[in-house]
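The chain contents come next:
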Amino acid sequence: SLVLAVLTCLVYFKLYGSRLGRVWESIGKTEDLLANTGISVFTQKQIALALSCFFAGLAGAVWAPYITIVTPSEFTLWQGITIVLGVLVGGIYSPLGAIIGTVFMAVLNLLFTYLPKQTIQYQLMILGLILVLVLLFMPTGILGLYGRIKNSIGELTGKKITQPEIDKTTTT
């Protein structure tokens, strides 16, 4: 499964830098403008959906034999919150942010397994607190926070640092 994760990341980063990736990024920012250039937005969305479904199916094909049985009870509110929180913590506007958020949530889940059984009822409350703190103080995630810190240091030292793409999307 690690090989599949690495291959998926390689394909994603390759697509992210390609013409197709730039078209998909444009759909997220200026869909109407893109439609006026002659690119079929509907077709591009269908391609993105098909590719996403392919990778989701691949992940399911690897995960199902691992847990031996797939039932609706396997997909809990806990898992949904974990996925959303992982993306928000890492940074929504960057593929690297999703990886960072996933690692953060994996470490957090590992820490939760070592807590005493009496604290299980507080785990969702801890995740909710993390979610609120991230939304209040790091709306662009860890990568956006890194960009802001880098810019602040640049301003203090007098160096001209260009603003990262992550911050540009949230300030417009």
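The structure we're discussing is the one just above.
All residue numbers here refer to positions counted from 1 along the written sequence of the relevant chain. In keeping with the predicted nature of the model, local features appear solely for residues at pLDDT of at least 70, side-chain atom pairs appear and are counted solely at 80 or more, and the whole-chain, interface and lining totals rest on all residues. Think of the side-chain values as coming from all heavy atoms in the structure, minus any hydrogens and water.

Caption draft 1: How the structure looks around the pattern of salt bridges. Any Lys or Arg side-chain nitrogen located within 4 Å of an Asp or Glu carboxyl oxygen qualifies as a salt bridge. Tallied over the entire structure, the rule returns two salt bridges. One salt bridge connects K29 with E25, and the closest N-O pair in it is separated by 3.2 Å. Here the residue K29 and the residue E25 both occupy positions in helix α2 (residues 19-29), the gap between them amounting to four residues, near one helical turn. Put simply, DSSP marks the helices as runs of H or I at least four residues long and the strands as runs of E at least two long, and each gets a number from the N terminus on.

Caption draft 2: Structural context of the packing of aromatic side chains. Pairing of aromatic rings covers Phe, Tyr and the six-membered ring of Trp, with a centre-to-centre limit of 6.5 Å; geometry is then stacked below 30 degrees between planes, edge-to-face above 60, and tilted otherwise. Under the definition given, this model contains three aromatic pairs. For the ring pair Y12 and F13, a centre distance of 6.0 Å and an interplane angle of 70° mean the geometry is edge-to-face. Think of it in three bands: residues with accessible area under 20% of the maximum for their type are buried, residues over 50% are exposed, and the middle band is partly exposed, with areas taken using a 1.4 Å probe on protein chains only. Exposure remark for F13: the relative accessible area of 36% places this residue in the partly exposed category. Note on Y12 and Y16: the rings are 6.0 Å apart at their centroids and 25° apart in plane angle, and the pair reads as stacked. Of this pair, Y12 and Y16 both sit in helix α1 (residues 2-16), four residues apart, roughly one helical turn. Overall, the relative accessible area of 42% leaves Y12 in the partly exposed class. Its relative accessible area of 33% is what places Y16 among the partly exposed residues. In this structure an aromatic cluster arises from ring pairing among Y12, F13 and Y16.

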